[in-house]
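Structural overview for review
Spelled out, the chains give:
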Amino acid sequence: MSAAPTIYGVALTAQVSVRTVSRYLNDPQCVSAKTAEAIVAAMQELRFRPSRAARALKGASTGLVGVLSDCITTSPDSFELIKGLQAAAHRTGRRLLIAETAGVASEIPSAIDELAEHRIDALIVASHSHRSMPAAALERAAGLRIVLLNCYTRGVDVAGTVLPDDEQGARDGLSRLYELGHRTVAVFELFPDMRATQLRHAGYLKAARAHSQPEPVFVQGARPAEGGDEFWFVDAEIGRLLASPKPTAIVAGNDKMAARIIQSLHKRRVRVPDEVSVLGFDDHAMLVYATDPPLTSVRLPYMRMGERAAEIACGEDDAGTERIHCDVVMRDSVVGRHPS
């Protein structure tokens, strides 16, 4: 079965822009007779039937908010973003239309076109990780009310950008360890090209300076071969760190890494947290109680981020860039130490 015709196909066949076809569907009188004739011919050739949303009165709200994402509905790391989006949309009487690209950049234009066919009131562009979004990828969304969630861009007019405050979360997490008496701390970081890694690194340095402590020992993550173990380097690095002077606390780049660190410590009969405390980052609901002991973690506020993005999308005022506070959630993997 062939794919259903789209507004993009009509525009291509009629040799006009998608925006021109959209304008025609809203008000046939707003384009020239020649252009209207070309669009009608293309629609007939492709057997294109405008959706109910496309036939809605011009300017009338459809109550629909589009969500364009790489993989937030299929990644367990980011399902809280969807929960937040749905909660806020429900409160405002809106419905979400979600299109995902599986991280394939070339799919973005057609996904935007498909969402625009439904005359969405706004478009939320969401990422499963804190990253930059190329401005060129959003060219097709020109004219829409755009909100960026867990991503950012330059050169595009957006109503708001909602991000986690990674720097603040890292600063507060390490500060909590210092306040509990830890003085020898190792930090396992994620990959250096990740924006979250860069911001958190700055936060750790600020915490050390604020508490008049030397910089923590940084262990830099390294990417595996394709399809390989993401944390292949952890066990060897734990063995190296346990040589003198052994850290009293280890900070992990995320909760999955923290679980691997705890596993490696247990294998060496190092007691957590009596000998070494472990702090994660994410506060992943599926992991924090799966470790022994339960994991202390810096919470990425995905639920609130999703809510805030939907609130901005459904509103009328621009919000600028908002960085949402990351809380340190204490559990049993971190205890206090008496500095020697």
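Refer to the structure presented above.
Description of the structure in this document. None of the values given here were measured: they were computed from a predicted structure. (Residues numbered from 1 in each chain as written. Predicted model: local features only at pLDDT ≥ 70, side-chain atom pairs only at ≥ 80, totals over all residues. Heavy atoms only, no water.)

Turning to the pairing of strand S4 (residues 146–152), a few remarks are in order. Burial analysis of S4 places 7 of its 7 residues in the buried class, the great majority of the element. Of the pairings in the sheet, the one linking strand S3 (residues 122–132) to S4 comprises 6 bridges and is parallel in character. Its bridge partner lying in S4, Val125 is registered against Leu148. (Buried < 20%, exposed > 50% of the residue type's maximum accessible area, 1.4 Å probe, protein only. Helix = DSSP H or I, 4+ residues; strand = E, 2+ residues; numbered from the N terminus. Pairing = 2+ DSSP bridges.)

Moving on, we get to the packing of aromatic side chains. Applying the stated criterion across every chain, the model contains 2 aromatic pairs. On the numbers, 6.3 Å between centres and 50 degrees between planes, the contact of Tyr204 with Phe218 is tilted. Placement of the pair is Tyr204 in helix H7 (residues 195–210) and Phe218 in strand S7 (residues 217–220), with a sequence separation of 14 residues. By relative accessible area, Tyr204 is classed as buried at 4%. A relative accessible area of 23% means that Phe218 is categorised as partly exposed. Residues Trp232 and Phe233 carry aromatic rings whose centres are separated by 6.0 Å and whose planes lie at 85 degrees to one another, so their mutual orientation is edge-to-face. (Phe/Tyr/Trp six-rings, centres within 6.5 Å; stacked < 30°, edge-to-face > 60°.)

Between its terminal C-alpha atoms helix H9 (residues 255–267) stretches 18 Å, which fits the 18 Å expected from 13 residues at 1.5 Å a residue. Residues of H9 that are buried include every one of Asp255, Met257, Ala258, Ile261, Ile262, Ser264 and Leu265, and no others. Those residues of H9 that are buried are in contact with strand S6 (185–189), helix H8 (234–241), strand S8 (249–251), strand S9 (277–282) and strand S10 (296–299). The N-cap residue of H9 is Asn254: its side-chain oxygen and the backbone nitrogen of Lys256 are 3.2 Å apart. Positive phi appears at Arg269, one or two residues downstream of H9, with a value of about 60 degrees. (Expected span 1.5 Å × (residues − 1). Contact = heavy atoms within 4.5 Å. Polar contact = N/O pair within 3.5 Å; in protein donor to acceptor, adjacent residues only side chain to side chain.)

One pass over the structure, following the stated rule, counts 2 cavities of 30 Å³ or more. Here the largest cavity defines a volume of roughly 60 Å³. If you trace the largest cavity, you find it lined by Val187, Phe188, Glu189, Leu190, Ala196, Thr197, Arg200, Tyr204 and Gly253. Of all the secondary structure elements, the ones that give two or more residues to the lining of the largest cavity are S6 and H7. The biggest single contributor to the lining of the largest cavity is H7, with 4 residues. The residue inventory of the lining of the largest cavity, partitioned by class, reads 5 nonpolar, 2 polar and 2 charged. (1 Å grid on protein atoms, 1.4 Å probe; cavity = no way out; pocket = protein on both sides within 12 Å on 5 of 7 lines; lining within 4 Å. Points joined across faces, edges and corners; volume = space filled by probe spheres on them. Nonpolar A, V, L, I, M, F, W, Y, C, P; charged D, E, K, R; others polar.)

Here we take up the pattern of salt bridges. Applying the stated criterion across every chain yields a total of 25 salt bridges. Residue Arg91 is joined to Glu307 by a salt bridge in which the shortest nitrogen-to-oxygen separation is 3.5 Å. Taken together, the residues span a long stretch of sequence, with Arg91 in helix H4 (residues 79–91) and Glu307 in helix H10 (residues 302–314) at a distance of 216 residues. Under the relative-accessibility criterion, Glu307 is labelled buried at 14%. Ionic pairing is found between Glu311 and Arg304, a salt bridge with its closest N-O pair at 3.2 Å. (Salt bridge = Lys/Arg side-chain N within 4 Å of Asp/Glu carboxyl O.)

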